[in-house]
Amino acid sequence: MEFTTLPHPSPTPDADRMAALIDPGFGKLFSDHMVVIDYVEGTGWHNATVGPRGPIALDPAASVLHYAQEIFEGMKAYRHEDGGIALFRPEENARRLNASADRMAMPNIPEAMFIEAVRQLVAIDRDWFPSVEGGSLYLRPFMFASEAFLGVRPATEYKFVVIASPAGNYFKSGAPAVSIWTSEYSRAAPGGTGAAKTGGNYAASLVPTREAFDRGHDQVLFLDAVEHRWIEELGGMNLFFVMDDGSVITPPLTGTILPGITRNSLIQLMREEGLTVREEMYSIDQWRADAASGKLLETMACGTAAVVTPVGTVDGKDGPFTIGSGGPGQITSKLREKLVGIQRSSVEDTHGWVMRL
């Protein structure tokens, strides 16, 4: 598919852009352009454009506003030391988006089209990489139902859009390890949409996330919806538990947990380091007991935005407990350094994960 590039009538002045990029935070600053591709049932994907970022016109009866047919991805572009730009495993983001589309009764987008849309946006907004150490260009591809229709059925018209946001640190606290709050709310249930990256899952997490923030924590932990006992994931990240016998536990993908691309990458890296990774259920009570006995050495959270982050303290209705010294552990630090090194080309990519643009 050919992309049409529309001229920007008033791009951000260089001085304003450079000043904003000194400390962009996360998710507050946006680049000048976006990609939009339309879909109509019977016609397929068409009308691919790269143009000025701006409001999207929607009919008040657009299906997404009433039945929440919406999915998205989160990924990053990295600036390498030689000035080149690269993506990390973008084909996995395309595949996960299509898996989400299947669950939400939405059309698949060809993998090559997904990657080209991302490439086009990064190319035109390549000057939007932040100057802050560890900064990147966070990319948000998303798809939503745009058909104006109030019947309860899958829509026949959709839009696929990609926007970009210069990103600094994900967490604001600046602490060496994050603190999490164990929620009494449920994020997902068996047979639901927990494995899909759809906005409704995140909407359901907003009240418990606010509760965690109000209590001074960085993130919220969700347990299973049936027994409210088994650890599933944080509000936006997967979890790993490093034990003193050289094994690592991570909750299994049973349909209620988002299959993280960073999670998958870390499992491969851990096994290459000689660690035994066990995908098995792990309870909140066992977590507390293992932390108290010293059997648990480290807990790490991972995701595209935060990469690899140590968990220092956990709180909830039964009171707080601390993992190890409450700071980053050796395994967490080593894995973060290796993964970030691969993404930014300071460590050799032996897996073919990095796509140079």
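Cut-off values and rules
- Residues numbered from 1 in each chain as written.
- Predicted model: local features only at pLDDT ≥ 70, side-chain atom pairs only at ≥ 80, totals over all residues.
- Heavy atoms only, no water.
- Helix = DSSP H or I, 4+ residues; strand = E, 2+ residues; numbered from the N terminus.
- Rg over C-alpha atoms; globule rule 2.2 N^0.38 Å.
- Buried < 20%, exposed > 50% of the residue type's maximum accessible area, 1.4 Å probe, protein only.
- Patch = residues over 30% accessible without salt bridge, like charges linked within 9 Å, V, L, I, M, F, W, Y side chains within 5 Å.
- Areas by Shrake-Rupley, 256 points an atom, 1.4 Å probe, with all protein chains shown as cover.
- Salt bridge = Lys/Arg side-chain N within 4 Å of Asp/Glu carboxyl O.
- 1 Å grid on protein atoms, 1.4 Å probe; cavity = no way out; pocket = protein on both sides within 12 Å on 5 of 7 lines; lining within 4 Å.
- Points joined across faces, edges and corners; volume = space filled by probe spheres on them.
- Nonpolar A, V, L, I, M, F, W, Y, C, P; charged D, E, K, R; others polar.
- Contact = heavy atoms within 4.5 Å.
- Expected span 1.5 Å × (residues − 1).
- Axes fitted to C-alpha atoms, helices over the stretch in contact; angles between N-to-C directions.
- Parallel < 35°, antiparallel > 145°, perpendicular 65-115°, else oblique.
- Left-handed = near helix turned anticlockwise from the far one by under 90°.
- Phe/Tyr/Trp six-rings, centres within 6.5 Å; stacked < 30°, edge-to-face > 60°.
- Lys NZ or Arg CZ within 6 Å of the ring centre and 35° of its normal.

Trainee: Explain the overall build of the protein here, please?
Mentor: Along its length, the protein carries eight helices and 18 strands. A compact globule built from 357 residues should have a C-alpha radius of gyration of about 21 Å, and the protein, at 21 Å, falls within 12% of that. For the protein, the spread of C-alpha atoms along the principal axes amounts to about 60 × 50 × 35 Å. Taking all 357 residues of the protein together, 52% fall into the buried category.

Trainee: So what exactly am I meant to see when it comes to a nonpolar patch on the surface here?
Mentor: Taken together, the side chains of Ile 56, Leu 58 and Leu 65 define a hydrophobic patch exposed on the protein surface, amounting to about 240 Å² of accessible area. Along the chain, Ile 56 turns up in the loop between strand E3 (44-52) and helix H2 (63-67).

Trainee: In this structure, what is going on with the pattern of salt bridges? I would like to understand it.
Mentor: Between side chains of opposite charge, a pair can form as their charged atoms come close. Here the structure, examined in full by the defined rule, presents 15 salt bridges. Two residues, Arg 153 and Glu 147, come together in a salt bridge whose shortest N-O distance is 2.8 Å. Owing to a relative accessible area of 10%, Glu 147 belongs among the buried residues under this scheme. By sharing partners, the salt bridges in this structure join Glu 92, Arg 95 and Glu 111 into a single network.

Trainee: Looking at this model, I keep getting lost on empty space enclosed by the protein. Mind explaining?
Mentor: Rolled over the atoms, a probe as big as a water molecule pinpoints where empty space is left. Under the counting rule described, the total for this entry stands at one cavity of 30 Å³ or more. As a volume, the largest cavity reaches approximately 90 Å³. Lining the largest cavity are Gly 74, Met 75, Lys 76, Tyr 78, Phe 88, Asn 93, Ile 261, Thr 262, Thr 304 and Gln 343. Looking at the lining of the largest cavity, the elements that each hand over two or more residues are strand E5 (75-79) and helix H6 (261-272). Class assignment for the residues of the lining of the largest cavity results in four nonpolar, five polar and one charged.

Trainee: What am I meant to see in the side chain of Thr 198 here?
Mentor: Tracing the sequence through the fold places Thr 198 in the loop between strand E9 (178-182) and helix H5 (199-214). Residue class for Thr 198 comes out buried when judged on its relative accessible area of 2%. Once you skip the residues sitting within four places of it in the chain, Thr 198 turns out to touch Ala 68, Glu 70, Ile 71, Phe 72, Met 104 and Thr 193.

Trainee: Teacher, can you tell me more about helix H8 (residues 330-344) here?
Mentor: Because each turn of an α-helix spans 3.6 residues, side chains separated by three or four positions end up pointing in the same direction. Taking 1.5 Å per residue, 15 residues should reach 21 Å; H8 reaches 21 Å between its end C-alpha atoms and fits that length. At the exit of H8 stands Ser 345, carrying a positive phi of roughly 75 degrees.

Trainee: Looking at this model, I keep getting lost on the packing of H6 against H8. Mind explaining?
Mentor: The axes of two packed helices give the description: the angle between them and the distance between them. With their axes 11 Å apart at the nearest point, H6 and H8 run at an angle of 115 degrees to one another. Relative to H8, H6 is oriented roughly perpendicular. Here the hand of the crossing between H6 and H8 comes out right-handed. Judged by residue contacts, Thr 262, Ser 265, Leu 266, Leu 269, Met 270 and Glu 272 of H6 engage Leu 335, Lys 338, Leu 339 and Ile 342 from H8. Among the residues making up the contact of H6 with H8, the classes are represented as six nonpolar, two polar and two charged.

Trainee: When you look at the packing of aromatic side chains in this model, what are you seeing that I'm missing?
Mentor: One pass over the full model with this rule turns up eleven aromatic pairs. Here Phe 142 and Phe 144 contribute two aromatic rings whose centre-to-centre distance is 6.2 Å and whose plane-to-plane angle is 20 degrees, an arrangement assigned as stacked. A relative accessible area of 15% means that Phe 142 is categorised as buried. Overall, the relative accessible area of 6% leaves Phe 144 in the buried class. Arranged with centres 4.6 Å apart and planes meeting at 45 degrees, the rings of Phe 241 and Tyr 282 form a pair that is tilted. Taken as a pair, Phe 241 in strand E12 (residues 238-243) and Tyr 282 in the loop between strand E14 (276-279) and helix H7 (284-293) lie far apart in primary sequence, 41 residues in all. It is Arg 53 that lies over the ring of Phe 30; its NZ or CZ is 4.3 Å from the centre.

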